[in-house]
Amino acid sequence: MEGREQTGRVNHALAERINQYILEQKSSIAAISKEIGYSRTSVSRYLSGKYDSCASTMEEKLAEFLAAHTGETVEAPAAAARSGKRPSFYESKDARSILGVCQSCQEYTGLGIVVAKSGFGKTYALRQYAKLGRVAYIECDDTMSSRDLVEAIERRVGIPSGYGTIWKRVNGIREFFNANRGYLLIIDEADKLVSKYTQKKMEVLRGIYDQSDVGLVIAGEPKLEAAIKTYLTRMANRVDFYTQLGGLSPSEVEGYVSDLDVTPEAMVELKSRACNPQTGCFRLLDRTLSNAQRILAETQTATITPKIIQQASAMMML
């Protein structure tokens, strides 16, 4: 899930020891990630030194994993003092589900559907995955035509924009993916591409997927799933991987703010903003914390209280 403050540092000695364990035991990143409760994508990035989020919790779990499986006494990295910042990326259950769908679709050239209410952190998790190689991320809007969609895909993968018919340009995209295997195409806000009046843009995507060696993830709000089932049965029958986000849990809210000084009363309010089934979402929590930290900086204080949250909420209403 999104945050825009804290970046991670990889403990290279620990990462090297885990990599050594994988080689010696003929294990795999997938097996380790499953046991420690992190996505394979995140563990892979950590072990390759490319993890750009706060890694302290993952490192603790990796150290525990080594101790359990090698019989060695493995010390977890020393816990850092509270930074007073939010993580740049928080791997919640929802985020792990999105990363898992993306990785599976890329690895097995599958078709995946990601469904989430607005504000649940879908887009940020998809963009996080899009930092990896051979991933083309497209964010759609209501004004996008079939030609716009084709041009956006061409631009993302580096194909010079064509001047022929849409069919010729789609064929060029198919040829690119067949010649450059291992790509994943992510179409975010895809619910804006389909309605009872037109399905042409989604048919463009189906045509690319059906005749290319490329994985495809289609993401959008809940109406996307209903639209695909109603108007695009041929696409619905091809879905290999699916996830519907459920939002942050109270314990995940605690994890997300673990580096902040929050009073118990304020924590109750933050959990309500994140977990309320009617009005709560990750975006509301994140915006509240962003404004709260501005207030703390201006007042030169360090603790988030209910009063600070009220002031932060008033800023959002201006």
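A short tour of the structure in this document, coming up. Computed from a predicted model, the values in this text were never measured in an experiment. (Residues numbered from 1 in each chain as written. Predicted model: local features only at pLDDT ≥ 70, side-chain atom pairs only at ≥ 80, totals over all residues. Heavy atoms only, no water.)

**As for the nonpolar core**
Quick note on the threshold: Nonpolar cores are built from buried Ala, Val, Leu, Ile, Met, Phe, Trp, Tyr and Cys residues. Side-chain atoms within 4.5 Å join them into one set. For each residue, the accessible area found with a 1.4 Å probe, counting protein chains only, is set against the maximum for its type, and the residue is called buried under 20%, exposed over 50%, and partly exposed in between. Helix numbers and strand numbers start at the N terminus; a helix is a DSSP run of H or I with at least 4 residues, a strand a run of E with at least 2. Residue contacts are counted whenever heavy atoms from the two residues lie within 4.5 Å of one another.
By size, the foremost hydrophobic cluster in this structure holds 36 residues, and its most contacted members are Leu185, Ile187, Met202, Leu205 and Ile218. When contributions to this core are tallied by element, the ones reaching two or more residues are β1 (111-115), β2 (135-139), α7 (146-157), α8 (166-179), β3 (183-188), α9 (200-210), β4 (214-220) and α10 (223-231). With residues near it in sequence (within four places) discarded, Met202 still touches Ala190, Leu193, Val194, Ile218, Leu224, Ile228, Leu232 and Met235. By size, the runner-up hydrophobic cluster in this structure holds 22 residues, among which are Tyr124, Val135, Ala219 and Cys281.

**Focus on helix α4 (residues 56-70)**
Given 3.6 residues to a turn, an α-helix orients residues that are three or four positions apart in the same direction. To keep things clear, this is the line we draw: Take the number of residues in a helix, subtract one, and multiply by 1.5 Å to get its expected span. It is the directions from the helix axis to the C-beta atoms whose arc is reported.
Here α4 contains 15 residues, and its C-alpha end-to-end distance of 21 Å stays within 8% of the 21 Å for a straight helix at 1.5 Å per residue. The set of residues buried in α4 consists of Met58, Glu59, Leu62, Ala63, Phe65 and Leu66. Buried residues of α4, viewed axially, fall in a sector of 155 degrees; they line one side. One or two residues past the end of α4 sits Gly71, with phi positive at roughly 75 degrees.

**A few points about the packing of helix α2 (residues 29-36) against helix α3 (residues 40-47)**
Here is the rule: Note on geometry: axes are lines fitted to C-alpha atoms, helical ones only across the stretch in contact, with angles between N-to-C directions running from 0 to 180 degrees. If an angle is under 35 degrees, it is roughly parallel; if it is over 145, roughly antiparallel; if it lies from 65 to 115, roughly perpendicular; otherwise it is oblique. Crossing handedness follows the turn of the near helix against the far one: under a right angle anticlockwise gives a left-handed crossing, and clockwise gives a right-handed one. Gly counts as polar in this scheme, as do all residues outside two lists: the nonpolar Ala, Val, Leu, Ile, Met, Phe, Trp, Tyr, Cys and Pro, and the charged Asp, Glu, Lys and Arg.
One way to put it is that α2 packs onto α3 with a least axis distance of 9 Å and a crossing angle of 115 degrees. In terms of orientation, α2 lies roughly perpendicular with respect to α3. Judged by the twist between their axes, the crossing of α2 over α3 is right-handed. Along the contact surface, α2 presents Ile29, Ala30, Ser33 and Ile36, while α3 presents Arg40, Val43, Ser44 and Leu47. Here the contact of α2 with α3 is built from residues that sort into 5 nonpolar, 2 polar and 1 charged.

**Details of the pairing of β2**
Put simply, the rule is: In this scheme, strands are said to pair when DSSP sees at least two bridges between them.
For β2, a buried count of 4 out of 5 residues is recorded, marking the element as mostly surrounded by other parts of the structure. Pairing analysis gives 5 bridges linking β2 to β3, with the strands arranged parallel. Counted as the bridge partner of Val135 is Leu184 from β3.

**Here we look at the pattern of salt bridges**
To keep things clear, this is the line we draw: A pairing counts as a salt bridge when a side-chain nitrogen of Lys or Arg comes within 4 Å of a carboxyl oxygen of Asp or Glu.
For the structure on display, the rule yields 16 salt bridges. Linking Asp286 and Arg86 is a salt bridge whose minimum nitrogen-to-oxygen distance equals 2.7 Å. Residue Asp286 is located in helix α14 (residues 282-299), and its partner Arg86 is located in the loop between α4 and α5 (93-108); the two are separated by 200 residues in the primary sequence. In this structure Arg86 comes out as buried when scored by relative accessible area, which is 1%. In this structure, Arg169 engages Glu154 in a salt bridge whose closest nitrogen and oxygen atoms are separated by 2.8 Å. With Arg169 in helix α8 and Glu154 in helix α7, the pair connects residues that are 15 residues apart, well separated along the chain. Relative accessible area serves as the criterion here: at 8%, Arg169 is assigned to the buried category. Where salt bridges share partners, they join Glu203, Arg206, Asp210, Arg234 and Arg238 into one cluster.

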